[in-house]
There are 4 protein chains.
Amino acid sequence: MKLNITVEIEYYAFTAGTIILNIHPSKNTQQHIITENFQTEPFIHLESLTVQNNQLTRFELLEGNQVKVGYQASVENHYQFNDYQNIAETAIINLPPDVLPYLYPSRYCQSDKLFRFAANLFGAYINPFEKVCAISNWIFNNILYISGSSNTQTTALDTITERAGVCRDFAHLGIALCRALTIPARYFTGYALQLQPPDFHACFEAYIGNNWVLFDATRLVPLNGMVKIANGVDAADTAVANIFGGINFISMNVACELAEDADSPFLYYYDALSGLSYI
Amino acid sequence: MKLNITVEIEYYAFTAGTIILNIHPSKNTQQHIITENFQTEPFIHLESLTVQNNQLTRFELLEGNQVKVGYQASVENHYQFNDYQNIAETAIINLPPDVLPYLYPSRYCQSDKLFRFAANLFGAYINPFEKVCAISNWIFNNILYISGSSNTQTTALDTITERAGVCRDFAHLGIALCRALTIPARYFTGYALQLQPPDFHACFEAYIGNNWVLFDATRLVPLNGMVKIANGVDAADTAVANIFGGINFISMNVACELAEDADSPFLYYYDALSGLSYI
Amino acid sequence: MKLNITVEIEYYAFTAGTIILNIHPSKNTQQHIITENFQTEPFIHLESLTVQNNQLTRFELLEGNQVKVGYQASVENHYQFNDYQNIAETAIINLPPDVLPYLYPSRYCQSDKLFRFAANLFGAYINPFEKVCAISNWIFNNILYISGSSNTQTTALDTITERAGVCRDFAHLGIALCRALTIPARYFTGYALQLQPPDFHACFEAYIGNNWVLFDATRLVPLNGMVKIANGVDAADTAVANIFGGINFISMNVACELAEDADSPFLYYYDALSGLSYI
Amino acid sequence: MKLNITVEIEYYAFTAGTIILNIHPSKNTQQHIITENFQTEPFIHLESLTVQNNQLTRFELLEGNQVKVGYQASVENHYQFNDYQNIAETAIINLPPDVLPYLYPSRYCQSDKLFRFAANLFGAYINPFEKVCAISNWIFNNILYISGSSNTQTTALDTITERAGVCRDFAHLGIALCRALTIPARYFTGYALQLQPPDFHACFEAYIGNNWVLFDATRLVPLNGMVKIANGVDAADTAVANIFGGINFISMNVACELAEDADSPFLYYYDALSGLSYI
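Residues numbered from 1 in each chain as written. Chains lettered and ligands numbered in written order. Predicted model: local features only at pLDDT ≥ 70, side-chain atom pairs only at ≥ 80, totals over all residues.

1. Comments concerning the overall build of chain A
For chain A, the count of helices and strands is four helices and 14 strands. In terms of overall size, chain A behaves like a compact globule, its C-alpha atoms giving a radius of gyration of 19 Å where 279 residues would be expected to give roughly 19 Å. Dimensions of chain A along its principal axes, counting C-alpha atoms only, are 60 × 40 × 35 Å. Counting the 279 residues in chain A, one finds 47% classified as buried. In chain A, the proportion of contacts linking residues at least 24 apart, taken out of those at least 6 apart, comes to 78%. (Helix = DSSP H or I, 4+ residues; strand = E, 2+ residues; numbered from the N terminus. Rg over C-alpha atoms; globule rule 2.2 N^0.38 Å. Buried ≥ 20, exposed ≤ 12 C-beta atoms within 10 Å, placed from the backbone. Contact = placed C-beta atoms within 7 Å.)

2. Details of the sheet that holds strand 11 (residues 211-215) of chain C
Residues and elements named next belong to chain C. Sheet architecture is open: four strands sit in the order 11-10-9-12, paired in antiparallel fashion. Strand pairing shows two members of the sheet lacking a second neighbour, strand 11 and strand 12 (226-232), which therefore form its edges. Averaged over all pairs of adjacent strands, the angle between their axes in this sheet comes to 40°, without regard to strand direction. Pairing of strand 9 (residues 185-192) with strand 12, which is carried by six bridges, proceeds in the antiparallel orientation. Bridge pairing in strand 12 links Tyr191 to Val227. Against the sheet, helix 2 (residues 128-142) makes contact with strand 10 (201-208) and strand 11, and its axis sits at roughly 155° relative to strand 10, the strand it touches most. Those strands touched by helix 4 (residues 167-180) are strand 9, strand 10 and strand 11, and its axis lies near 15° from that of strand 10. (Pairing = 2+ DSSP bridges. Axes fitted to C-alpha atoms, helices over the stretch in contact; angles between N-to-C directions.)

3. Things to note about the relation of the copies chain B and chain D
Rotating chain B by 180° about the axis while translating it 0.0 Å along that axis superimposes it on chain D, leaving an RMSD of 0.0 Å. Put plainly, the chains are arranged around a two-fold axis. Most of the interface of chain B is mirrored in chain D: 100% of its interface residues are interface residues there too. (Least-squares fit on C-alpha atoms with pLDDT ≥ 70 in both.)

4. Concerning helix 2 of chain C
Every α-helix winds through 3.6 residues per turn, so residues three or four apart in the chain are directed the same way. Residue and element names in this part refer to chain C. With 15 residues, helix 2 should reach 21 Å at 1.5 Å per residue; the first-to-last C-alpha distance of 21 Å fits that figure. Of the residues making up helix 2, those classed as buried are Pro128, Phe129, Lys131, Val132, Cys133, Ile135, Ser136 and Ile139. Packed against the buried residues of helix 2 are helix 1 (115-122), helix 4, strand 10, strand 11 and strand 14 (274-277). (Expected span 1.5 Å × (residues − 1).)

5. Some words on the interface of chain B and chain D
At the junction of the two partners, chain B supplies twelve residues and chain D supplies twelve residues. Secondary-structure elements contributing two or more residues to the side of chain B that touches chain D are helix 1 (115-122) and helix 3 (156-162) of chain B. For the side of chain B that touches chain D, the element with the highest residue contribution is helix 3 of chain B, accounting for four residues. Of the residues contributing to the side of chain B that touches chain D, the split by class is five nonpolar, three polar and four charged. (Nonpolar A, V, L, I, M, F, W, Y, C, P; charged D, E, K, R; others polar.)

6. Notes on the interface of chain B and chain A
With 25 residues of chain B in contact, the opposing surface of chain A contributes 25 residues. Sorting the residues of the side of chain B that touches chain A by element identifies strand 3 (47-51) and strand 4 (54-61) of chain B as the ones contributing at least two each. A per-element tally of the side of chain B that touches chain A places strand 3 of chain B first, with three residues. Taken together, the residues of the side of chain B that touches chain A sort by class into eleven nonpolar, eight polar and six charged.

7. Points about the arrangement of the chains
Chain C makes no contact with chain B, the minimum C-alpha separation between the two being 12 Å. You won't find any contact between chain A and chain D; their C-alpha atoms come no closer than 12 Å.

8. Description of the packing of helix 2 (residues 128-142) of chain B against helix 4 (residues 167-180) of chain B
All names here are of chain B. Remark: helix 2 packs on helix 4, axes separated minimally by 10 Å, with the N-to-C direction vectors making an angle of 145°. The handedness of the crossing between helix 2 and helix 4 is right-handed. Here helix 2 contributes Val132, Ile135, Ser136 and Ile139 to the contact with helix 4, which in turn contributes Phe170, Leu173, Gly174, Leu177 and Cys178. Counted by class, the contact of helix 2 with helix 4 contains seven nonpolar, two polar and no charged residues. (Left-handed = near helix turned anticlockwise from the far one by under 90°.)

9. Some details on the sheet that holds strand 11 (residues 211-215) of chain B
Residue and element names in this part refer to chain B. The strand order across the open sheet built from four strands is 11-10-9-12, with neighbouring strands paired in antiparallel fashion. Since the sheet does not close on itself, it has two edges, and those belong to strand 11 and strand 12 (226-232), each with one partner. With direction set aside, neighbouring strand axes in the sheet form an average angle of 40°. The sheet strands contacting helix 2 are strand 10 (201-208) and strand 11, and the helix crosses strand 10 at an angle near 155°. Across the sheet, helix 4 is in contact with strand 9 (185-192), strand 10 and strand 11; its angle to strand 10 comes to roughly 15°.

10. Regarding the environment of B:Glu10
Residues and elements named next belong to chain B. Relative to the helices and strands, Glu10 is located in strand 1 (residues 2-21). The class of Glu10 is partly exposed, set by 16 C-beta atoms lying within 10 Å. The spatial distance from the C-alpha of Glu10 to the C-alpha of Leu121 is 44 Å, given a sequence separation of 111 residues. Ignoring anything within four residues of it in the chain, the contact list for Glu10 reads Gln66, Lys68, Ile250 and Ser251.

11. Comments concerning the pairing of strand 5 (residues 66-77) of chain A
Residues and elements named next belong to chain A. Every second residue of strand 5 is oriented toward a common face, the buried set being Val67, Val69, Tyr71, Ala73, Val75 and Asn77 and the non-buried set Gln66, Lys68, Gly70, Gln72, Ser74 and Glu76. In terms of strand pairing, strand 1 (residues 2-21) meets strand 5 through eleven bridges, oriented antiparallel. Residue pairing for strand 5: Lys2 is matched across the bridge by Glu76.

12. Some remarks on the pairing of strand 3 (residues 47-51) of chain D
All names here are of chain D. Counting buried positions over the five residues of strand 3 gives zero, only a small fraction of the element. In this structure, strand 3 lies alongside strand 4 (residues 54-61), joined through five bridges in antiparallel fashion. Looking across to strand 4, one finds that Thr50 is bridged to Gln55. Adjacent in sequence and paired antiparallel, strand 3 and strand 4 are bridged by two residues, among which Gln52 carries a positive phi angle near 50°.

13. Here's the deal with the relation of the copies chain B and chain A
Under the fitted operation, chain B is carried onto chain A by 0.0 Å of movement along the axis and a turn of 180°, and the coordinates agree to an RMSD of 0.0 Å. A shared interface surface links the copies, since 100% of the contact residues of chain B are contact residues in chain A too.

14. A short note on the domain arrangement of chain A
Residues and elements named next belong to chain A. Assigned domains of chain A: these are domain 1 (2-78 + 242-258) and domain 2 (80-238 + 266-277). For domain 1 versus domain 2, the separation of C-alpha centres amounts to 26 Å. Taken together, the contacts link 15 residues of domain 1 with 13 residues of domain 2. Sorting elements by how many residues they give to the side of domain 1 that touches domain 2 places strand 13 (residues 241-258) first, with four residues. Class assignment for the residues of the side of domain 1 that touches domain 2 results in nine nonpolar, six polar and no charged. (Domains from an automatic or database assignment.)

15. A look at the confidence of the model for chain A
All names here are of chain A. Summary statistics for chain A give a mean pLDDT of 93 and a share of 96% for residues scoring 70 or more. Mean pLDDT per element in chain A: strand 14 (residues 274-277) is the minimum at 86, and helix 4 (residues 167-180) is the maximum at 98. For this predicted complex, the interface score ipTM comes out at 0.95, alongside a pTM of 0.94. (pLDDT = per-residue confidence, 0-100.)

16. Side note on unusual backbone geometry
Of the consecutive residues A:Gln196 and A:Pro197, the connecting peptide bond is found in the cis state with omega at -10°. Take A:Pro197: it is sitting in the loop between strand 9 (185-192) and strand 10 (201-208). Its identity as a non-glycine residue notwithstanding, B:Asn210 has a phi of 70°, on the positive side. Its location among the elements puts B:Asn210 in the loop between strand 10 and strand 11.

17. Considering the environment of D:Thr6
All names here are of chain D. Its location among the elements puts Thr6 in strand 1 (residues 2-21). For Thr6 and Cys256, which are 250 residues apart along the polypeptide, the C-alpha to C-alpha distance reads 6.6 Å. Beyond its immediate sequence surroundings of up to four residues, Thr6 is in contact with Gln72 and Ala255.

18. What to know about helix 1 of chain C
Among all positions of helix 1 of chain C, only C:Phe117, C:Ala118 and C:Phe122 are buried. On an axial view of helix 1 of chain C, the arc spanned by its buried residues comes to 90°, and they lie on one face. In the core, the buried residues of helix 1 of chain C are packed alongside helix 3 (156-162) of chain A together with helix 2 and helix 4 of chain C. (Arc of directions from axis to C-beta.)

19. What to know about the environment of D:Val132
Residue and element names in this part refer to chain D. Relative to the helices and strands, Val132 resides in helix 2 (residues 128-142). Judged by C-beta crowding, with 28 C-beta atoms within 10 Å, Val132 ranks as buried. Considering only alpha carbons, one finds Val132 and Leu100, 32 residues apart in sequence, at a separation of 18 Å. The residues touching Val132, leaving out its near neighbours within four places in the chain, are Cys178, Ile183, Ala206, Ile208 and Phe215.

Right, here's the structure in full:
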């Protein structure tokens, strides 16, 4: 599916500082960047970095500078459907080494405090795909999506008691519950077709049957309309922007549109025991 | 300096499970493993994994199995002293990409909640080496080392209010305060000469002047008597053992002895503005 | 119903200190103390205090002193059953002034953080008795009773995520959820017939239809076999013992036995919409 | 000293609800209400309640109602100075029964988690007045007064790590640290002369030498220019307004002015070891 992405972000530096942006679609065998363009107004020197497989852009702003960052891309995302009818949980002994770090608790996903909670609610499922679907459904049914109900310090534990959050919090809770059940899970940040209001999106991937299967407990967008920017342990290492110094965020516009006739959007395909994976 | 390491750990599996051990000294240009031997009694199949540059050992235990793991090594650790008399903080724009992940908050080091705390207490230092020394001294002077005063869920925030902890908590607090001041910091786990009672040790490294400089706020051991096992964001991804399934830890013996005449131990060398780095 | 109570507690003072015990059954028109006896060995001066309607005993221990406190009583407890078939919630405007403090959050019952949680799970019930029954049932069904799973700092929020606790935690969670729904609720500490292992017990009372109706989410004992010691906002102001100074608790024995033929024990009477109240 | 108080608060009920106001100066032998007037526009029925010695006003608002509450009073406050040069801590055994509840932890003052913190920083002071002065000074010197930096869920533990707050947070931290050192302490809410911007004020009282001595770690106003409204364990049971139902706060004006020539304002009198008490 081809998608057109447009981003415009504006910053003002009341003291000098540095910004590290994480807005490039990840490049891999399944996601092709057909065209892309990154520009700033006024012109400033940009540096491209690769950190843990994610492509970042770093630049400095001098005191008093205002800058408008623009990014446009045309992306072709490929995804696969896999049938998980007869899938078994991957034993720890068989997990690939690079998957192991996604079993551990992280800043916003304190899975180490949720063993009993996760076991009580989801422990009875045998099929790991059904198990993670049950987690995702439980989050959708029990946590209210309310803009502004959480902040950058809100964790999965908070979301369980406060019962409200945004996509970031839905993803963190999904990750924490998977890890508490020894299912590797990671944060996914990207662009999402039809997201209203337009913004960056976050959801999560669980490692099932040698695939990273995508889950979105918010149910706000079709699963096959995503463009992956980055994976990470949680929002701590996958933020869209890390800002150092006295820099104010002024405004942002994000758009993710169909470039041509789309595939049919796949939503809540879970009942079919068929899961979607990007790479 | 040559050090001899001996480890003996015993586990009992009341249900089948998997253990991932993180006890191998890291191998790099500055740390040579002269000899090493890893054996289990009874014999079980071991798998060697490399995860984020750390060397792990993975094995399964069947229900009812008891296993004694033994590891012996002779290690030559090299370290360097650098003078930080005239060092300046590395600007964010100049940090190498692989250092950036150590700026972010993590499970046990919620630096995002400590900006004002860290700035109030340590913000006035210009020299970053002096700044991290001040952090390490503050921890030593304000946090009591009390065995059993914390657990695997204790975080840097807890340690600030509870004012007690063990080496792991001292390291977490040091890391959190560095990151809150935009100094990259990471967890260091290893063997330590003369540690009483004998155990694995944890301390932290701060990125200063293109080096990862070692700090040990516990002041329990000489800084140049360490053998590095692993680095990580905190204890979450650097645990000595990750145990999955119903496996009980039964006993452990760790020893780290001089293999020959040692260098003079370097302790609290901080006043001299000279810092020690392993690689 | 007549019950015989026996308590034996032993303390050792390694430095001088003061103990305030809260073990006297409360005296009121519905609970008669037929006989009682309080003694210490060796003899020490005891002072009787009344604090917020609860009767306390205060005494000092000198350094090196060991004391055995003994208390025996024969108590007749009266209770009433009320039918709550057609009960409506008492509007805030009609709550008696002395009930209002039991609407506020307290140390272990952070009702102010549970508004949405409580409304989601229990908001649909119209009848307040059914609502509190639903709360009590939910706690019984979702929280495991595990001795040693919590400590004196565990709060209702912790219990929601950790899913385990003891009677004190069950009571705190019940109270927090009631208050979050604007139903006054208070802590009840007392003696309980047939409690195994023998100990002091804690449960909670909700203010429904001008009565303080008793609920015990642990379901460990019959509701009509309780002897009330004290009410309070939570365990913070209703502890069995407050100890100041270097005094060690050594041992305790508590017994609560039938003095004669008992009423039939009432357990889980909730379905009948008939609630039990002490005074 | 005579003070004139004026309060104007406006509410709008988008659904019916109840308000309980806690704005009446407390009446006692040391504080005389010379004149007072309470009115609403439009007229609504008001009910006067006494809860734990505090005088409250309760009233209902119907859906769609907007009401302006006005209160004016002329108050003569008396206070005493006491010399604490040679004061000793009151032993627990000698504390009056009604003072004991102010030793326990409460919603916003988790003194049970601060024993070591308080002992480390303030344990060395012998004179309890000096000890509480040291607490108050430490708060003033280490916590920034920043409007909007905290909310109604912020606790003393949060304030220690976040290092910012408003008068309510300064009071909570003072109370928590006193209680952690076994000094009874309670919340004080009232009117304060010269407070900028005009608002209700909060500070704390510590029980020293049989007096409740006033401390204000914010240092925003003279200690002898206060009119006490209420005491409580913390802000949970002493809120200026408790609102039940869908009622919005619209606006508030508070003024506290001198009615005639004032006593000289007493500020930071602590060095003199002379403390001020209202009753």
